[in-house]
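Chain residues, written in single-letter form:
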Amino acid sequence: MNIVDQIKKLKKEKNAVILAHNYQLPEIQDIADFVGDSLGLSIEASRTDAAIIVFCGVHFMAETAKILSPQKIVLLPDKNAGCPMADMIDAESLMALQARHPDAVTVCYVNTSAAVKAYCDYCCTSANAVKIVQNILLNHKDKEIIFIPDKYLAQYVSAQVKHDFIIWEGYCPTHAKIMPENILEAKKLHPNAKVIVHPECRPTVTSLADVVASTEGMSKYAKKSPDMEFIIGTEIGIIHRMKKENPDKIFYPVTEKAVCPNMKKITLEKVLWSLEDLSFEITVEPDIMEKARLSIERMLKIV
Ligand code: 13P
Ligand code: SF4
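What counts, and where the lines are drawn
Residues numbered from 1 in each chain as written. Chains lettered and ligands numbered in written order. Predicted model: local features only at pLDDT ≥ 70, side-chain atom pairs only at ≥ 80, totals over all residues. Heavy atoms only, no water. Axes fitted to C-alpha atoms, helices over the stretch in contact; angles between N-to-C directions. Helix = DSSP H or I, 4+ residues; strand = E, 2+ residues; numbered from the N terminus. Parallel < 35°, antiparallel > 145°, perpendicular 65-115°, else oblique. Contact = heavy atoms within 4.5 Å. Nonpolar A, V, L, I, M, F, W, Y, C, P; charged D, E, K, R; others polar. Near = heavy atom within 4 Å. pLDDT = per-residue confidence, 0-100. Pairing = 2+ DSSP bridges. Core = buried A, V, L, I, M, F, W, Y, C linked by side-chain atoms within 4.5 Å. Buried < 20%, exposed > 50% of the residue type's maximum accessible area, 1.4 Å probe, protein only.

Visitor: For this particular structure, what's the right way to read the packing of helix α4 (residues 59–68) against helix α14 (residues 286–302)?
Guide: When two helices pack together, their arrangement is captured by the angle between the axes and the distance separating the axes. Interaxial distance between α4 and α14 falls to 9 Å at its minimum, and their mutual angle equals 95°. When the interaxial angle is binned, α4 and α14 end up roughly perpendicular. Facing α4, whose interface residues are T64, K66, I67 and L68, α14 presents M289, A292, R293, I296 and L300. Among the residues forming the contact of α4 with α14, the class breakdown is six nonpolar, one polar and two charged.

This is the structure we're talking about:
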């Protein structure tokens, strides 16, 4: 039996579901039951009635799935698949920042650890960050807002809602590799292509784009648009899904350098071993889990 058939067989026997982020390797996306962005994956994790979730993504995503489905077994096939941006802030540094701004509301990007989320008022993803902040400002228009950890996402949202934030100097090393000159060169080569980028990109990059969206938003736009060519400013793994869903359209990565090494740690072998050994199980301390869940549930209520 080949490895894909072995995974399918074991998945059925163990009542498991495979969730994969849009940046996963093509062969992982192809065996997944659901492929999506951080928001879609956490909603899917909370809805599934499978007993086991094999999460093909990075640690904070699997942790979010565990927080929303504490009774399920959540597995991350490579325990070292982390997110360097999420690791740029810890709970102690956040508390120190909050102590300097005692009246501020804290909004954390989902790319944070459960320990950090436990000290936040609202969680958000790139798909709903603008909406979450607009919602906060609706009732408190002069409220101080701490937005962590992505300075570029913070700058993008801040410009959209026209409100200054207290920001953290975090960033995604993969998206930081996308430079404005890459977009300008790609536009010169493909003058008819629409430019779609992720809000984790630098403001000098988002300002050159036709569309700024989460990975799910980017995929939906490419599907719906009457345009035939697209320049894609995010991790290049998403192009597999875009090509699959739109075989007649053409997708150009802004730069081949936009690769997230952590997302690429998950392989078919590791998915199989994960199902065989129930490894690596994600656990979160109960008090952290309860507190972190509040910020995620507040987000889900708004969206
Ligand atoms: P999305 O929620 O848009 O999929 O983004 C997650 C992420 O880590 C992007 O780098
Ligand atoms: Fe983290 Fe960036 Fe990788 Fe997304 S692409 S998981 S933000 S390092």
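Visitor: Is there a simple way to think about the site of ligand 2 in this case?
Guide: All residues in the neighbourhood of ligand 2 are listed as Y23, V58, C83, P84, M85, N111, C172, E200, C260 and M263. Of the residues belonging to the shell around ligand 2, the class tally is eight nonpolar, one polar and one charged.

Visitor: Would you mind showing me how to read the confidence of the model for the protein here?
Guide: Any segment with low pLDDT has predicted coordinates that should not be analysed in fine detail. Looking at the protein, the pLDDT average stands at 98 and 100% of residues meet or exceed 70. No element of the protein has a lower mean pLDDT than helix α3 (residues 38–47), at 92, and none a higher one than strand β11 (residues 229–233), at 99.

Visitor: I'm lost on the sheet that holds strand β6 (residues 122–124) in this one. Help?
Guide: Sheet strands associate in pairs through backbone hydrogen bonding, adopting either a parallel or an antiparallel arrangement. An order of β6-β5-β7-β8 is seen for the four strands of this open sheet, with the pairing classed as parallel. Of all the strands in the sheet, the pair left with one neighbour each is β6 and β8 (166–167). Pairing of strand β5 (residues 105–109) with strand β7 (residues 145–148), which is carried by four bridges, proceeds in the parallel orientation. Note that in β7 the partner of V105 across the bridge is I145.

Visitor: What is the right way to read unusual backbone geometry from this model?
Guide: Backbone phi values are negative for most residues with the exception of glycine, while trans is the configuration of most peptide bonds. Across the junction of I148 and P149, the peptide omega takes the value -15°, indicating a cis bond. Inspection of the secondary structure puts P149 in the loop between β7 and α8 (151–161). With an omega of -10°, the peptide bond between S279 and F280 qualifies as cis. Position of F280 among the secondary structure elements: in the loop between α13 (268–277) and α14. If you check the backbone angles, N15 has positive phi at about 55° while not being a glycine.

Visitor: Help me out: how do you make sense of the environment of Y156 in this one?
Guide: Among the secondary structure elements, Y156 is positioned in helix α8. Separated by 25 residues in the primary sequence, Y156 and E181 have C-alpha atoms spaced 19 Å apart. With near-sequence residues (within four places) excluded, Y156 lies in contact with V130, P199, T206 and V212.

Visitor: What is the right way to read the nonpolar core from this model?
Guide: The nonpolar side chains of soluble globular proteins are, as a tendency, buried together. F55, V107, V133, F147, I148, V157 and F165 are the most contacted members of the largest nonpolar core, which has 65 residues in total. Setting aside anything within four residues of it in sequence, one finds V107 in contact with Y122, C124, I136, I145, I146, F147 and I148. One finds I18, I31, C56 and L268 within the second-largest nonpolar core, a separate group that totals 18 residues.

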